[in-house]
Amino acid sequence: MNIIIHGIDFQKEFIPHIEQLIAILKSRKVRIFFTENFSNSLKKLAIKVEDCEILYSKSLLREMDFIISIGGDGTLLDTVCFVGDIEVPIVGINTGRLGFLATIARNEIECAMKKLFDGAYTIDSRSLVSVSSDIPLFNGLNFGLNEFTIHKRDTSSMITVHTYIDGKYLNSYWADGLIVATPTGSTGYSLSCGGPLISPNARNFVITPVSPHNLNVRPIIVSDESEMSFRIEGRSEKFLISLDSRSTPIDATVKLHVKKAEFSAKLVKFEDYNFFDTLRQKLNWGFDMRN
């Protein structure tokens, strides 16, 4: 079995858990690879690991059985970007706080690896949002797991985002910005702006305005088979668009089209995982002394 490990600038206290993970993989005769970012993070902490290879060519990703993401949800988003359309299944080990995506806690590593090798897991296919334009954007990495966002660039006045669904006019949002979130991203930025939670297997996007001026404007759920297009107006000459944590400035002449990507992110979920359990735990639902 070939497994690659990815992580970015983790804390020193997580070192024993990384060493535990690598020891488990070696005991299973796994051929272990590191991404360059993970290898550099180990070097910064003066951690030496023998018998592990660095993956310099992404073409070798097709030979990987799994990729292990060590970090928070941000690291897992970066892992999705790294894997792209090769769709290597991702195992998320959480060193962060919330962990909606990276759900394996540090004290669960040994148990999770046993389940992985025993085949006690499922592959959860998560839809991605894809953006296209009349100019190159995001260095060709034009997809995201959580959301696509249009933002005003600075502290200037709000912007107007004219929005169309399959070529039909929806609304002109007068706001600080606009979010198009996947079901996975519904627990992120969209949620903090008043958007609804969407079950991961739902085939929808949610369009959520950011601080809209008109209070009667509300988030709307649309089919992920739809194509959304946008035209931006504002006093500023530049605006900001982002895909998950990656952002780039554009001007009002840029034409934007957003739809579901033709490939998906494959997340490994173990048999005891339940999305609704995660919601209750992470959002403290039912956290009341009367319960």
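Residues numbered from 1 in each chain as written. Predicted model: local features only at pLDDT ≥ 70, side-chain atom pairs only at ≥ 80, totals over all residues. Heavy atoms only, no water.

**Quick word on unusual backbone geometry**
In this model, Lys29 sits at a positive phi of 65 degrees, which is unusual for a non-glycine residue. In this fold, Lys29 is placed in the loop between α1 (15-27) and β2 (31-34). For Lys29, a relative accessible area of 71% gives the class exposed. Of note, Phe138 is a non-glycine position whose phi angle comes to about 60 degrees, a positive value. Residue placement: Phe138 occurs in the loop between β6 (121-133) and β7 (143-144). (Helix = DSSP H or I, 4+ residues; strand = E, 2+ residues; numbered from the N terminus. Buried < 20%, exposed > 50% of the residue type's maximum accessible area, 1.4 Å probe, protein only.)

**Considerations on the packing of aromatic side chains**
Following the criterion strictly, the structure yields seven aromatic pairs and no others. Ring geometry for Phe143 against Phe263: centres 5.1 Å apart, planes inclined by 80 degrees, an arrangement best described as edge-to-face. Of this pair, Phe143 sits in strand β7 while Phe263 sits in strand β17 (residues 256-270), and the two are 120 residues apart along the sequence. Judged by relative accessible area, which is 6%, Phe143 ranks as buried. An aromatic cluster is defined as three or more aromatic residues linked by ring pairs; in this entry it consists of Phe10, Phe34 and Phe38. Note that Lys58 overlies the ring of Phe82, its terminal NZ or CZ placed 4.9 Å from the centroid. (Phe/Tyr/Trp six-rings, centres within 6.5 Å; stacked < 30°, edge-to-face > 60°. Lys NZ or Arg CZ within 6 Å of the ring centre and 35° of its normal.)

**Re the environment of Gly7**
Here Gly7 lies in strand β1 (residues 2-7). Distance in space between the C-alpha atoms of Gly7 and Lys26 is 19 Å, their sequence separation being 19 residues. Sequence-distant contacts of Gly7, that is, excluding residues within four places in its chain, are made with Thr35, Asn37, Phe38, Ser41, Ile70 and Thr75. (Contact = heavy atoms within 4.5 Å.)

**What to know about the UniProt feature "active site" (unreviewed entry) in the protein chain**
Residues annotated by UniProt as "active site" (unreviewed entry) correspond here to Asp73. Assignment of secondary structure puts Asp73 in helix α3 (residues 73-83). In contact with Asp73, other than residues within four places in its own chain, are Gly99, Phe100, Leu101 and Ala102. (UniProt positions renumbered as here; feature names shortened; annotations may be inferred.)

**Remarks on the packing of α1 against helix α4 (residues 109-118)**
Put simply, α1 and α4 touch, their axes get as near as 10 Å, and they point 25 degrees apart. As the angle between them shows, α1 and α4 are arranged roughly parallel. With respect to the hand of their crossing, α1 and α4 are arranged in right-handed fashion. Residues His17, Gln20, Leu21, Ile24 and Leu25 of α1 form the contact with α4, whose participating residues are Ile109, Glu110, Met113 and Phe117. In terms of residue class, the contact of α1 with α4 is built from six nonpolar, two polar and one charged. (Axes fitted to C-alpha atoms, helices over the stretch in contact; angles between N-to-C directions. Parallel < 35°, antiparallel > 145°, perpendicular 65-115°, else oblique. Left-handed = near helix turned anticlockwise from the far one by under 90°. Nonpolar A, V, L, I, M, F, W, Y, C, P; charged D, E, K, R; others polar.)

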